[in-house]
Amino acid sequence: MKLLNHSALLILQISLLFFLFSNCQSKNNGLNPSEIEPVSYLALGDSYTIGTGIDVEESWPMQLSDLLKDNNLTVRNTKIIATNGWTTTDLKEGIQDENPDSSYNMVSLLIGVNNQYQGLDIELYKTEFRELLEQSIAFANGDTGKVFVVSIPNYGITPFGKLRNTEKVTREIASYNEIAKNISTEYGIPFVNITPISEMAENDRDLLASDNLHPSAEMYGMWVEKIMPTVTQILQNHE
């Protein structure tokens, strides 16, 4: 066997270093921990944010925070303002009671399912979603680049939702999501569509919590996979 000459050996070493660097970057979702400030995260929402039906530590905001930690990022604070059954009006009141400051460098908003469930006027949602989005921006120190919106899941395909007319629920949730997407786009804020993932629960009950309505920890993990590229972009833009 011929020994590699000096030039060939050098090329091989450079190639190996490039491979190792690329692999490391992939595992860290493209995030460089040394260049990213400690994350202070505020999650605003309802039952889908607090993780009704499972332990709050398995909710998607907490799973997202854990994933950031797994990528060697410092997560200084993860605060959730959300309660089962909250409408946009309830969330506004909950925010007023909690009175968070404007020091967060990442804020998420997921709200609206209970407006639909309670049959409230969709015009109220248009008005209050905008107000909540503007509050979210304020909590991120006025920076729209630190905010993202998550779509409303389709509970119409769950055993609970099928008791209320799957087609009607699906249609109305789509209308609410269209409003949220349009307003988010208007402000230049990412809208992460997890609704198709939620619909996978129709054929896989492991994706539902024991109440046959809310997502399981497994489904929330799938949401986080969908959300992570947006979060990566947010954090990279503020290195």
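Residues numbered from 1 in each chain as written. Predicted model: local features only at pLDDT ≥ 70, side-chain atom pairs only at ≥ 80, totals over all residues. Heavy atoms only, no water.

Here we take up unusual backbone geometry. Generally, phi is negative for residues other than glycine and the peptide bonds are trans, each holding for most cases. Unlike most non-glycine residues, asparagine 72 shows phi in positive territory, near 70 degrees. With respect to the secondary-structure elements, asparagine 72 resides in the loop between α3 (60–70) and β2 (75–82). Phi is positive for asparagine 99, which is not a glycine, with a value near 50 degrees. Within the element layout of this structure, asparagine 99 appears in the loop between α4 (88–98) and β3 (106–109). (Helix = DSSP H or I, 4+ residues; strand = E, 2+ residues; numbered from the N terminus.)

This brings us to the sheet that holds strand β1 (residues 39–45). Spatially, β2-β1-β3-β4-β5 is the arrangement adopted by the five strands of the open sheet, whose pairing is parallel. Of all strands in the sheet, those bounded by a partner on one side alone are β2 and β5 (191–192). In terms of strand pairing, β1 meets β2 through seven bridges, oriented parallel. Opposite alanine 43, over in β2, you have isoleucine 80 as the bridge partner. Packing of α4 onto the sheet brings it into contact with β1, β2 and β3, and relative to β2 it is tilted by some 130 degrees. (Pairing = 2+ DSSP bridges. Contact = heavy atoms within 4.5 Å. Axes fitted to C-alpha atoms, helices over the stretch in contact; angles between N-to-C directions.)

Together, Asp55, Glu57, Glu58, Asp66 and Asp70 line one region of the surface with negative charge. Topologically, glutamate 58 is positioned in the loop between α2 (47–50) and α3. (Patch = residues over 30% accessible without salt bridge, like charges linked within 9 Å, V, L, I, M, F, W, Y side chains within 5 Å. Areas by Shrake-Rupley, 256 points an atom, 1.4 Å probe, with all protein chains shown as cover. Salt bridge = Lys/Arg side-chain N within 4 Å of Asp/Glu carboxyl O. Lys, Arg positive; Asp, Glu negative; His and termini not counted. Charge placed at Lys NZ, Arg CZ, Asp CG, Glu CD.)

With that settled, consider helix α8 (residues 166–186). If you check α8, its first and last C-alpha atoms are 30 Å apart, about what 21 residues at 1.5 Å a residue would give, namely 30 Å. N-capping of α8 is provided by asparagine 165, with a side-chain oxygen placed 3.2 Å from the backbone N of glutamate 167. Just beyond α8, the residue with positive phi is glycine 188, at close to 75 degrees. (Expected span 1.5 Å × (residues − 1). Polar contact = N/O pair within 3.5 Å; in protein donor to acceptor, adjacent residues only side chain to side chain.)

So, about the packing of aromatic side chains. Evaluation of the coordinates by the stated rule reveals seven aromatic pairs. Taking the centre distance of 6.2 Å and the plane angle of 35 degrees together, the rings of tyrosine 117 and phenylalanine 160 count as tilted. Here the residue tyrosine 117 occupies a position in helix α5 (residues 113–117), and phenylalanine 160 occupies one in helix α7 (residues 159–162), the gap between them amounting to 43 residues. Look at tyrosine 117 and you get partly exposed, because its relative accessible area is 33%. One aromatic cluster is present, formed by Tyr48, Tyr220 and Trp223 through successive ring pairs. (Phe/Tyr/Trp six-rings, centres within 6.5 Å; stacked < 30°, edge-to-face > 60°. Buried < 20%, exposed > 50% of the residue type's maximum accessible area, 1.4 Å probe, protein only.)

With that settled, consider the pattern of salt bridges. In the structure shown here, the tally under the stated rule is six salt bridges. The salt bridge partner of lysine 92 is glutamate 131, with a shortest N-O separation of 2.5 Å. Taken as a pair, lysine 92 in helix α4 and glutamate 131 in helix α6 (residues 122–139) lie far apart in primary sequence, 39 residues in all. Note that arginine 130 and glutamate 186 form a salt bridge whose closest N and O atoms lie 2.9 Å from each other. Here arginine 130 is found in helix α6, whereas its partner glutamate 186 is found in helix α8, with 56 residues between them in sequence.

Attention now goes to the nonpolar core. Grouped together as the largest cluster of nonpolar side chains are 64 residues, with contacts concentrated most on Trp60, Leu64, Phe148, Trp223 and Ile227. Per-element tally for this core: the top contributor is helix α10 (residues 217–236), with nine residues. (Core = buried A, V, L, I, M, F, W, Y, C linked by side-chain atoms within 4.5 Å.)

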